[in-house]
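The lines below spell out each chain.
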Amino acid sequence: MITSQEAIAIVRKWLNEAITGNMSDAEFEDYFHAGQIEDASWLIGKMQGYNPGAPEPAVQVAVTRQVAQSLSKIRSKSPLTLTQGIGALPSDLFHGPLSVSASGYVNNCGQAIEIKKQIAIDQMNDDEWARRTMSYNNRPTRKNPIWRYVDGATIEVSPLSISTVEIAYYKNPPRISVSGNINPVWYGGDTLRILGRVLQQA
């Protein structure tokens, strides 16, 4: 891992060698944050191009695993309390939810009993949501719940008997601070790539 002080030293060295320039700590922190946001979006785009289950060349599989490892640094989980099925997404959300789950039911000798195991909740678009919630035979249940986006800040879950869910998501990369010794969260190779973006912006 590269510290924030090591990162700015690298950039200053590159700048001095290229144009005999310099950069203040505050400027570097702003540039780095913009660079890591751009880089995280690029990584997420590469993950969205991945098609699980489809034949993939060995090289592509290795790249996908590397991208997933990089993004693991900003992957997070959080419980969401629902009010009448509506829950506010975390304030540090950058991208997601990647998944939504809740405590579910398991069939035990013909009887459904609640257990602590989390079950995945299927995401619906508005048309699918309307069909499912108005369906007589396929209405959402605790055993087969659904969720949808209400807007960019909230989601809705059905049935209303579910009061809490857990979401997985990518959180905003934290800002670094050179003087405060707040270092990049990324692996060294990822940090170097972000520094390349910093130089493109500077």
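To be clear, the structure that these remarks concern was listed above.
Residues numbered from 1 in each chain as written. Predicted model: local features only at pLDDT ≥ 70, side-chain atom pairs only at ≥ 80, totals over all residues. Heavy atoms only, no water.

Participant: Could you clarify how one ought to interpret the sheet that holds strand β2 (residues 86–88) in this entry?
Facilitator: Either a parallel or an antiparallel arrangement is found when strands of a sheet pair, and the pairing is made through backbone hydrogen bonds. Ordered in space as β2-β7-β6-β5, the four strands form an open sheet in which the pairing is mixed. Of all strands in the sheet, those bounded by a partner on one side alone are β2 and β5 (122–123). Strand direction decides the pairing type here: β5 and strand β6 (residues 146–149), joined by two bridges, are parallel. Its bridge partner lying in β6, D122 is registered against I146. (Pairing = 2+ DSSP bridges. Helix = DSSP H or I, 4+ residues; strand = E, 2+ residues; numbered from the N terminus.)

Participant: Teacher, can you tell me more about the pattern of salt bridges here?
Facilitator: Side chains that differ in sign of charge can pair as their charged atoms come close. Going through the model one piece at a time under the given rule, you end up with seven salt bridges. Here R197 ties to D39 by a salt bridge, and the two come within 2.8 Å at their closest N and O atoms. Taken together, the residues R197 in helix α5 (residues 188–201) and D39 in helix α2 (residues 25–48) connect sequence positions 158 residues apart. Assigned by exposure class, R197 and D39 land together as buried. Across the salt bridge formed by R193 and D190, the nearest N and O atoms sit 2.9 Å from each other. Linking R193 with D190, this pair stays in helix α5, spanning three residues, or about one helical turn. The partly exposed category is assigned to R193, whose relative accessible area is 27%. Assessed through its relative accessible area of 5%, D190 is described here as buried. (Salt bridge = Lys/Arg side-chain N within 4 Å of Asp/Glu carboxyl O. Buried < 20%, exposed > 50% of the residue type's maximum accessible area, 1.4 Å probe, protein only.)

Participant: In this structure, what is going on with the pairing of strand β7 (residues 154–158)? I would like to understand it.
Facilitator: Sheet faces and side chains relate simply in a regular strand, where the side chains alternate between the two faces. Judged by how many residues are buried, β7 sits mostly within the fold: five of five residues are covered. Looking at chain direction, β2 and β7 are connected through three bridges and run antiparallel. Paired with G87 across the strands is I155, a residue of β7. Counting the residues between successive antiparallel strands, the hairpin from β6 to β7 contains four residues.

Participant: What should I look at first to understand the environment of W147 in this one?
Facilitator: Mapped onto the secondary structure, W147 falls in strand β6. Linking W147 and Q123, residues 24 residues apart in sequence, is a C-alpha distance of 4.9 Å. Other than its neighbours up to four places away in sequence, W147 contacts P97, V100, I121, D122, Q123, M124, W129, I155, E156 and V157. (Contact = heavy atoms within 4.5 Å.)

Participant: What am I meant to see in the packing of aromatic side chains here?
Facilitator: Aromatic ring pairs: the centre-centre distance and the angle between the two ring planes describe each pair. A complete count under the given rule lists two aromatic pairs for this structure. On the basis of an interplanar angle of 45° and a centroid distance of 5.9 Å, the ring pair of F28 and F32 is categorised as tilted. Residue F28 and its partner F32 are located together in helix α2, separated by four residues, close to a single helical turn. In this structure, F28 and F32 share a single accessibility class: buried. Considering the side-chain rings of W147 and Y149, the 5.1 Å spacing of their centres and the 70° angle between planes classify their relative orientation as edge-to-face. Among the residues examined, W147 registers a relative accessible area of 2% and is labelled buried. (Phe/Tyr/Trp six-rings, centres within 6.5 Å; stacked < 30°, edge-to-face > 60°.)

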